[in-house]
Every structure is written in structure tokens, then in C-alpha cells.
Amino acid sequence: FDVLCRIAELPDGSIDSAKVRTLVKIFRPNRQGQISKLDFVRSTDSIYKTLRLLFANIKNSSQIDEAYERVINGVFYIVCAFVVLGVLGVDVSSLFLGLSG
């Protein structure tokens, strides 16, 4: 675990206690500061699974954002088309009623 704690060293040689606490929460060393190979692999696997879940959630939310963007863009362009037709002198209300019914 001493080797892992080198991650928590700051450039001036001191140790960042918050990072050490995080490492202890993740890897759970015993009282002597040792980690078995099996516990290390379990902890690393847990981190890997958490990161994969995070990346999957980010990908899903990106897809949802793209879908909302397409819908909003469609509504925006339809409204812009009606505004342009209104500016050009076309009776938009009769056109709108004709399309809706």
C-alpha cells in the first residue's frame, strides 16, 4: 500500500491526506498497510466496473440530448418558416388551419 500512497504525494514531497483517505476507502489495506493480490484485483475490478457504468450513462445522456436537440430544431424551423411566410404576406392562419385539419 506504500507504493500506492505515492500517488498522493504532492510536488513538494508532502502527502495529500484526502487522497490517502480515498485510497484507503478504495483498497482497504489491513492494519499493517498491506493488500493481498486478490483484494487489489477486486478493488481494481470494482473501479473498472464503476467507470464503465459512468461512461455508459454519459453515452446514454448524450443520445438523449441529441434527440431533444433534433425535436427542438424541428419546432424552431417550423416556427421560422411560418414567420418568413407571414413576412412575405402569406395568410399564415389559413395555411395553419389547412394543415391542422
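Nothing here was measured: the structure is a model prediction, and the numbers come from that model.

**Section: unusual backbone geometry**
In this model, Arg28 sits at a positive phi of 50°, which is unusual for a non-glycine residue. Relative to the helices and strands, Arg28 resides in the loop between helix H2 (17–27) and helix H3 (37–87).

**What to know about the pattern of salt bridges**
Inspection of every chain in the model, using the stated rule, returns two salt bridges. The shortest N-O distance in the salt bridge between Asp45 and Lys49 comes to 3.3 Å. One end of the pair, Asp45, and the other, Lys49, are both in helix H3, four residues apart, so they sit about a helical turn from each other. Assessed through its relative accessible area of 34%, Asp45 is described here as partly exposed. For Lys49, a relative accessible area of 54% gives the class exposed.

**Quick look at the packing of aromatic side chains**
Summed over all chains, the structure comprises two aromatic pairs. With 5.6 Å between their ring centres and 10° between their planes, Phe27 and Phe40 make a pair best called stacked. Pair noted here: Phe27 is in helix H2 and Phe40 is in helix H3, with a separation of 13 residues, a long-range link. Assessed through its relative accessible area of 8%, Phe27 is described here as buried.

**With respect to the environment of Val24**
Tracing the backbone shows Val24 in helix H2. On the accessibility criterion, Val24 (31% relative accessible area) is partly exposed. Considered as a pair, Val24 and Ile7 are 17 residues apart in the sequence and their alpha carbons are 12 Å apart.

**A short note on the confidence of the model for the protein chain**
When the pLDDT values of the protein chain are averaged, the result is 85; 96% of them are 70 or greater. Averaged over each element, pLDDT in the protein chain is lowest for helix H1 (residues 2–5) (70) and highest for H3 (92).

Reading the values: rules and limits
Note on numbering: residues in each chain are counted from 1, in written sequence order. With pLDDT at 70 or above as the cut-off, local features in this predicted model cover only qualifying residues; side-chain atom pairs require 80 or more to be listed or tallied, and sums for whole chains, interfaces and linings still use all residues. Side-chain calculation: all heavy atoms of the structure are included, whereas hydrogens and water are not. Here a strand is any run of E in DSSP of at least two residues, a helix any run of H or I of at least four, and the numbering for each starts at the N terminus. In what follows, salt bridge is the name for a side-chain nitrogen of Lys or Arg lying within 4 Å of a carboxyl oxygen of Asp or Glu. In this scheme, a residue with accessible area under 20% of its type's maximum is buried, one over 50% is exposed, and one in between is partly exposed, where area comes from a 1.4 Å probe on protein chains only. A pair of Phe, Tyr and Trp rings is counted when the ring centres sit within 6.5 Å of each other, with Trp represented by its six-membered ring. The angle between the planes then sorts it: under 30 degrees is stacked, over 60 is edge-to-face, the rest tilted. Each residue carries a pLDDT score, the predictor's confidence in it, ranging from 0 to 100.

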